[in-house]
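# Descriptive structure summary
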Amino acid sequence: MPPESAPAPAGDTSGGDEHAREQQYLTMLHERLDGLRAAAAAGLAEALLRDDPEPGARADRDALAARHADQVARFDAMRDRLLFGRLDMADGEQRYIGRMGVLDPEADYQPLLIDWRAPASRPFYLATGATPLHVARRRHIRTVGRRVTHLDDEVFGPRTLGGGVLGLRTLDGLGADEGDPDLTAGPPTAAGEPDGTPAHDSLVGEAALLATLGAHRTGRMRDIVATIQAEQDRIIRSEQDGILVVEGGPGTGKTTVALHRAAYLLYSRREQLSKRGVLIVGPNPAFLRYIEQVLPSLGETGVLLSTVGDLFPGVRARRAESTTAAEVKGRPEMVDILAAAVRDRQRLPDTPLEITVADGVARLDETIVVPARAAARLTGRAHNHARSVFVREVITALTRQIADRYESSIDEVDIPDFVDDFMLWPDTDAARDALGDGTEGGEPGGGSATADGGDWPSAALAAAAAAADRPVLDPSDLADLRRDLRSDPRLAEAIDGLWPLLTPQALLKDLFASADALSRAAPGLTDAERAALRRDPGGGWAPGDWTPADTPLLDEASELLGDDPRAAIDAAVAAHLERQQRIDYAGGVLDILSRGDTEDPDGELLMASDLIDADRFGERQEEVDTRSTAERAAADRTWAFGHVIVDEAQELSPMAWRMVMRRCPTRSMTLVGDVAQTGDAAGSSSWAQALDPFVGPRFTLERLTVNYRTGAEIMDIAGDVLAAQGRGLRAPRSVRRSGRAPWRLMVGAHELAEHLEQLVRAERAAAGGGRLAVIVPRSRRDELASLAETGSTGPRPDQDVEVGAPAQAAPHGQAGTADSADSADGEGGADGDPERPVVVLTVRESKGLEFDAVIVVEPERILAESPRGAGDLYVALTRPTNQLGVVHVGEPPAVLSRLRPREATGGVPAAGPAASGR
Ligand SMILES: Nc1ncnc2c1ncn2[C@@H]1O[C@H](COP(=O)(O)OP(=O)(O)OP(=O)(O)O)[C@@H](O)[C@H]1O
């Protein structure tokens, strides 16, 4: 049984007293907050003004300043809705619940306000009539800034045992406030069965919840700390260490729960997570902007938000590509394809290369390269790291080749008799004379030519060495030879061709640029699939030229290639030079200081340079890395996060999963999604399948069952689309009815633009100025965006309307063609501003977002374009909170047969000859 709703009678003095009392309490809390903020601001100012010459002290100062700055930001974020609840416990204890904890230093640090995440707050979210958890009364306190606007009480008592909450009283009826429900739509009501049976018997704080849900959307997600429901609370506070999968239909609060879980973990595991950080992966940049304020509003920063496409440092994947290309790039086979592409760059020479070193000629051919390549591959090291083994083997083999030639030349030398004696007087003039190593006559350099044109002294020496049973070339000769080989530019060039140092970007670019390279690396793909991967490098690649599906491939390639040692060497050289500069500078400073010291008439003072040398002084000047954890993590591909949250996780391809898993070796993860909403052809249809390669069956699945977003009228229609998928999936139950019937309107193909313009105006007016989205087929987006723009009302249409993603030149020139379901979809990454009142989006761009009103355009085309059947249409239909309209050309799809024509729903018919509600 839900609580009864019983507004307090007008003039209810107890309600008035209560209101005054809570107002007083809120005012007191705000005064405390002001005090805390002022202290933090003063601490910040003091830290910033401190002039610490010592680097250690400067680091402390910077850390202190950062801490104070965080506190100031946190206290500022708490100003709105600081307090939202009160628990009256059965034993008389009172607990005020809010967004942060506030203690009373004058009363032995008793809590004045308890953080919503503290265990003492938990009954606020869990108490029910059946299990009151020692709570006698739960009060929701609604506030705007420093003002209390409403009080809603739920009273638990003996009479409620087994029967739910005794009663709910709205103690204030203060009328419409900022954040109040849209009054033009009538009061929101809890959804229930036609006979009046409520659909939900376990809602916590129903009045406060319904008030929040009925409010206009702002384009920014807000926290729900005041109205977290019991099933959500269980997930938010789950102590699950490994992978927690949260599944639920649209609007069940998956995103919200994931964000609150991040805030909870940052509170309960602060020590661990503040060092390693938390990563939140979302489906597109617009979505990240939609959610970006939730954690700061809960006082938590230090979290990195990223799309899959931006998870590789230095890459902003914004380019569009065909569905086929994205799907192929997401397949697990890409691991082998990339490995083959790397091996393909470890080549054999087409023709032998002859290199003249010292006195010999070395020949680089397959007999040298094949074993060198095998030895390098056998190490199992990444390509760039194994290169040093390859180079070493090649040079060793070439050196040996030359040495062998020397040795074999011994047999050809006619050794004169004096040679044996030579060993007895090796360093005498006589020896030199005998060997012709004189200055007079003979070959330049003192040698005389042998009969076969060789260098006689060398040959003689070699022969002498052989006679003495010593190696022909001693280690230093061999070392010289190696050095000569190493510095030979022709050999260096040849080695670069045979085993080049590669960046992930270069590997992928070269692979996609060549049909032959693709055939060699990916013989298992069809011709059409390989053609989809082909990409002409054109005028070069900018960081934004990558597509979201490329990023996991870059990450995989990084693993196969390893770091480019040149980058490490460059960095080490730069660091060395920088340090040297600092030391030189410090030396100069010490000189100046010491010169000043020598002016000391007594000459007894220690000079600065006596106390510290330039090296140590230079080191003290070193800059301390003051970047936050999130900033450092964002710049480091190998950063291991303390916890990773993935939203819309069903959209991740197998390759994207591999990348995300690398970011979290401990597998402490929360994955939220809904396999019924999978739109990406490379996405998952089963969690077990997606996670099996990483954790087998070792993950925990939690389900959310209640839809808080979309009114029941709309969910009835969306449920039909879900059922049509035939996978036995059921749409979640809506928590409320919106009071507005969804509608459909049939228009002629050529009148779509005209109708759309008027519909946008009409629906915005009906939504009382709320936010509206026009969700369109991919192939129609650019064309329809301008039409909706004309139809938006507001100060300036060009400011008012945002097209989800910037129109981009798509590969293969296919974007915008009406009938190509495989065209480049222009959805590389929507950067749209979520606060625009009217937006035009494709289904993919609308993922995870919500609007007061939605017009879905051409559902039949959305169905045709979807690689996953009705999943996309289901997503589109479940974006609105209150109003849904569907505009179709021709007959509506059968799955929408329950939608009533627009006129029949009382909507204003759009003008135009072909408008028809048939
Ligand atoms: N307990 C709650 N109190 C108030 N509002 C809530 C609550 N739970 C969810 N909501 C609201 O419901 C809406 C839908 O939530 P959310 O976007 O998290 O759902 P979702 O499951 O991620 O949806 P989708 O799968 O469609 O992306 C949001 O406006 C959210 O603030």
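The rules behind these values
- Residues numbered from 1 in each chain as written.
- Predicted model: local features only at pLDDT ≥ 70, side-chain atom pairs only at ≥ 80, totals over all residues.
- Heavy atoms only, no water.
- Near = heavy atom within 4 Å.
- Polar contact = N/O pair within 3.5 Å; in protein donor to acceptor, adjacent residues only side chain to side chain.
- Areas by Shrake-Rupley, 256 points an atom, 1.4 Å probe, with all protein chains shown as cover.
- Helix = DSSP H or I, 4+ residues; strand = E, 2+ residues; numbered from the N terminus.
- Nonpolar A, V, L, I, M, F, W, Y, C, P; charged D, E, K, R; others polar.
- UniProt positions renumbered as here; feature names shortened; annotations may be inferred.
- Buried < 20%, exposed > 50% of the residue type's maximum accessible area, 1.4 Å probe, protein only.
- Contact = heavy atoms within 4.5 Å.
- Pairing = 2+ DSSP bridges.
- Axes fitted to C-alpha atoms, helices over the stretch in contact; angles between N-to-C directions.
- Parallel < 35°, antiparallel > 145°, perpendicular 65-115°, else oblique.
- Left-handed = near helix turned anticlockwise from the far one by under 90°.
- Domains from an automatic or database assignment.
- Buried area = accessible area lost by both parts, 1.4 Å probe.
- Salt bridge = Lys/Arg side-chain N within 4 Å of Asp/Glu carboxyl O.
- Phe/Tyr/Trp six-rings, centres within 6.5 Å; stacked < 30°, edge-to-face > 60°.

## Topic: the site of the ligand
- Not every one of the 24 residues close to the ligand is listed here, only the nearest: T227, K254, T256, E850 and R879.
- Within the contact set of the ligand, an oxygen atom lies 2.8 Å away from a side-chain nitrogen or oxygen of R709.
- Taken by itself the ligand offers 630 Å² of open surface, and the protein chains cover 97% of this.
- Of all elements in the fold, only α4 (206–214) and α6 (254–268) reach the threshold of two or more residues within the shell around the ligand.
- In terms of residue count, the dominant contributor to the shell around the ligand is α6 (3 residues).
- Classifying every residue of the shell around the ligand gives 7 nonpolar, 11 polar and 6 charged.

## Side note on the UniProt feature "binding site: ATP" (unreviewed entry) in the protein
- When the UniProt feature table is mapped onto this chain numbering, "binding site: ATP" (unreviewed entry) sits at G248, G249, P250, G251, T252, G253, K254 and T255.
- Examined against the element boundaries, G251 turns out to sit in the loop between β10 (243–248) and α6.
- For G251, a relative accessible area of 10% translates into the label buried.
- In contact with G251, not counting residues within four places along its chain, are V706, N707, Y708 and R709.
- Topologically, T252 is positioned in the loop between β10 and α6.
- Excluding residues within four positions of it along the chain, T252 makes contact with Q232, L704, T705, V706, N707, Y708 and P732.

## Some thoughts on the sheet that holds strand β15 (residues 643–646)
- Pairing is parallel in the open sheet, where 6 strands are placed in the order β12-β11-β15-β16-β10-β17. Here the strands that pair on one side only, and so sit at the sheet edges, are β12 (303–307) and β17 (699–704). Neighbour to neighbour, the strand axes of the sheet diverge by 15° on average, direction disregarded.
- Examined bridge by bridge, strand β11 (residues 278–282) and β12 share 5 bridges and lie parallel to one another. The partner of G282 across the bridge, within β12, is T307.

## Some words on the packing of helix α22 (residues 550–561) against helix α27 (residues 654–662)
- Here α22 crosses α27 at 60°, and the two axes come no closer than 8 Å. Here α22 is positioned oblique relative to α27, judged by the angle of their axes. The handedness of the crossing between α22 and α27 comes out as left-handed. Facing α22, whose interface residues are T551, P552, L553, D555, E556 and E559, α27 presents M655, A656, R658, M659 and R662.

## Some details on the domain arrangement of the protein
- If you check the domain split of the protein, you get domain 1 (17–158), domain 2 (230–313 + 647–704) and domain 3 (715–791 + 832–901).
- Placing the centre of domain 1 and that of domain 2 at their C-alpha centroids yields a distance of 28 Å.
- Taken together, the 12 residues of domain 1 in the interface contact 16 residues of domain 2.
- Three residues, W116, R117 and R122, lead the burial of domain 1 against domain 2; their summed loss comes to 53% of the area buried on that side.
- For the pair domain 1 and domain 2, the interface holds 2 salt bridges.
- When the shortest N-O distance is used, the salt bridge between E300 and R117 registers 2.8 Å.
- Taken together, the connections running from domain 1 to domain 2 amount to 6 residue pairs in polar contact (both at pLDDT 80 or more).
- Looking at the side of domain 1 that touches domain 2, its residues break down into 6 nonpolar, no polar and 6 charged.

## A few points about the packing of aromatic side chains
- For the structure on display, the rule yields 5 aromatic pairs.
- When the centroid spacing of 3.8 Å and the interplanar angle of 15° are considered together, the rings of Y25 and Y96 count as stacked. Within this pair, whereas Y25 is found in helix α1 (residues 13–49), its partner Y96 is found in strand β3 (residues 94–98), the two being separated by 71 residues in sequence.
- Residue class for Y96 comes out buried when judged on its relative accessible area of 5%.
- Consider the rings of F287 and Y290, whose centres lie 6.3 Å apart with planes at 55°: the pair is tilted.

## Points about the pattern of salt bridges
- One pass over the full model with this rule turns up 64 salt bridges.
- Where D153 meets R139, a salt bridge forms, and the shortest distance between an N and an O atom there is 2.7 Å. With D153 in strand β7 (residues 147–155) and R139 in strand β6 (residues 135–144), the pair connects residues that are 14 residues apart, well separated along the chain. Take D153 and R139: they sit in the same class, and that class is buried.
- Linking R269 and E239 is a salt bridge whose minimum nitrogen-to-oxygen distance equals 3.7 Å.

## Brief notes about unusual backbone geometry
- Even without being a glycine, D108 presents a positive backbone phi close to 60°.
- If you trace the backbone, D108 turns up in the loop between β4 (102–104) and β5 (110–115).
- Here D108 falls in the exposed class, since its relative accessible area comes to 65%.
- Even without being glycine, Y109 reaches a positive phi, approximately 55°.
- Position of Y109 relative to the elements: it lies in the loop between β4 and β5.
- Exposure remark for Y109: the relative accessible area of 53% places this residue in the exposed category.

## Points about the packing of helix α11 (residues 334–344) against α22
- Two numbers describe how α11 lies on α22: the axes approach to 10 Å, and their chain directions differ by 50°. Taken together, α11 and α22 sit at an angle that is classed as oblique. Considering the relative orientation of α11 and α22, their crossing is right-handed. Each of M334, V335, L338, A339 and V342 in α11 lies in contact with α22, whose residues at this interface are L553, E556, A557, L560 and L561.
- Per-class residue counts for the contact of α11 with α22 are 9 nonpolar, no polar and 1 charged.

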